[in-house]
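Structure assessment
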Amino acid sequence: MTARLPLFASALWWGSLTAVGFMVVPMLFMNLPTPAMAGQMAAKLFTAQTWVSAVCCVALMLVNRVGGNSSKVERPQASMLFIVLGLLLALLVEYAVAPRIVARENLRFWHSAGSVMYGVQWLCAAIVLWRMADPRKQP
């Protein structure tokens, strides 16, 4: 069970980022009557996504911490930088960037910054998942 937790957490993290950021939110803007309505709903979805990311990253860090030097957690140890960076980016987007977007403060800049941070977080999650799923490192 514990050996599969890192793979499950990394798959959930990457998959949820992919679904929300690249499918659900664009669909909101294509299908809701106004961009303002879509933006309000997107903000709520991105907040929920932040919590999914945080839980997945904390689970990956805990498995790494609890596992010590066991071969079962070799992949989380190798990926710790990307896990921490992804968690930091998720929290920065939620608590530093999103409030400025909602306040419409320099909207173009903050939306671009948030998009780049989300993209880098997605890349971190992809790297972690790729490493977790490496069949050469399966216990």
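Owing to the predicted nature of the structure, the values given are computational and were not obtained by experimental measurement. (Residues numbered from 1 in each chain as written. Predicted model: local features only at pLDDT ≥ 70, side-chain atom pairs only at ≥ 80, totals over all residues. Heavy atoms only, no water.)

On to the overall build of the chain. For the chain, the count of helices and strands is four helices and zero strands. Ordered by position from N to C terminus, the α and β elements of the chain give α-α-α-α. Within the chain, residue pairs in contact and separated by at least 24 positions form 72% of the contacts whose partners lie at least 6 positions apart. For the chain, the accessible area works out to roughly 8400 Å², and carbon and sulfur atoms hold 71% of it. (Helix = DSSP H or I, 4+ residues; strand = E, 2+ residues; numbered from the N terminus. Contact = heavy atoms within 4.5 Å. Areas by Shrake-Rupley, 256 points an atom, 1.4 Å probe, with all protein chains shown as cover.)

Here Phe22 lies in helix α1 (residues 5-31). For Phe22, a relative accessible area of 49% translates into the label partly exposed. Setting aside residues up to four positions removed in sequence, Phe22 forms contacts with Leu17 and Trp122. (Buried < 20%, exposed > 50% of the residue type's maximum accessible area, 1.4 Å probe, protein only.)

Here the focus is α1. Here α1 spans 36 Å end to end across 27 residues, near enough to the 39 Å set by a 1.5 Å rise per residue. Of all bends in α1, the biggest is about 35 degrees, found at Val20. Buried residues of α1: Pro6, Ala9, Ser10, Trp13, Ser16, Leu17, Val20, Gly21, Val25 and Leu28, and no others. (Expected span 1.5 Å × (residues − 1). Bend = angle between axes of the 7 residues up to and from the residue.)

Now for the packing of aromatic side chains. What describes a pair of aromatic rings is the distance from one ring centre to the other and the angle between the planes of the rings. Scanning the entire structure with this criterion turns up five aromatic pairs. Between the aromatic rings of Trp14 and Trp122, the centroid separation amounts to 6.0 Å while the plane-to-plane angle is 40 degrees, which identifies the pairing as tilted. Taken together, the positions of Trp14 in helix α1 and Trp122 in helix α4 (residues 107-132) put the pair 108 residues apart, joining distant regions of the chain. Residue Trp14 is classed as partly exposed on the basis of its relative accessible area, which comes to 28%. Ring plane angle 70 degrees and centroid distance 6.4 Å describe the contact between Phe22 and Tyr118, whose orientation is recorded as edge-to-face. Highlighted residues: Phe22 in helix α1 and Tyr118 in helix α4, separated in sequence by 96 residues. Taken together, the ring pairs in this structure connect Trp14, Phe22, Phe46, Tyr118 and Trp122 into an aromatic cluster. (Phe/Tyr/Trp six-rings, centres within 6.5 Å; stacked < 30°, edge-to-face > 60°.)

What follows covers the environment of Gln49. Here Gln49 lies in helix α2 (residues 35-67). In this structure, the C-alpha to C-alpha distance between Gln49 and Trp13, residues 36 residues apart in sequence, is 8.8 Å.

What follows concerns the pattern of salt bridges. Counted by the stated rule, this structure contains one salt bridge. Close ionic contact of Arg100 with Glu105 constitutes a salt bridge, the shortest N to O distance being 3.4 Å. The partly exposed category is assigned to Glu105, whose relative accessible area is 41%. (Salt bridge = Lys/Arg side-chain N within 4 Å of Asp/Glu carboxyl O.)

When the pLDDT values of the chain are averaged, the result is 89; 86% of them are 70 or greater. A low-confidence stretch, residues 69-73 stays under pLDDT 50, and its non-local contacts, those more than four residues away or across chains, total seven contacts. (pLDDT = per-residue confidence, 0-100.)

On to the packing of α1 against α4, then. At a minimum axis distance of 9 Å, the contact between α1 and α4 shows a crossing angle of 145 degrees. Taken as a pair, α1 and α4 cross one another with a handedness that is left-handed. Seen from α1, the contacting residues are Pro6, Leu7, Ser10, Ala11, Trp13, Trp14, Ser16, Leu17, Thr18, Val20, Gly21 and Phe22; seen from α4, they are Tyr118, Gln121, Trp122, Cys124, Ala125, Ala126, Val128, Leu129 and Met132. Tallied by class, residues from the contact of α1 with α4 come to 16 nonpolar, five polar and no charged. (Axes fitted to C-alpha atoms, helices over the stretch in contact; angles between N-to-C directions. Left-handed = near helix turned anticlockwise from the far one by under 90°. Nonpolar A, V, L, I, M, F, W, Y, C, P; charged D, E, K, R; others polar.)

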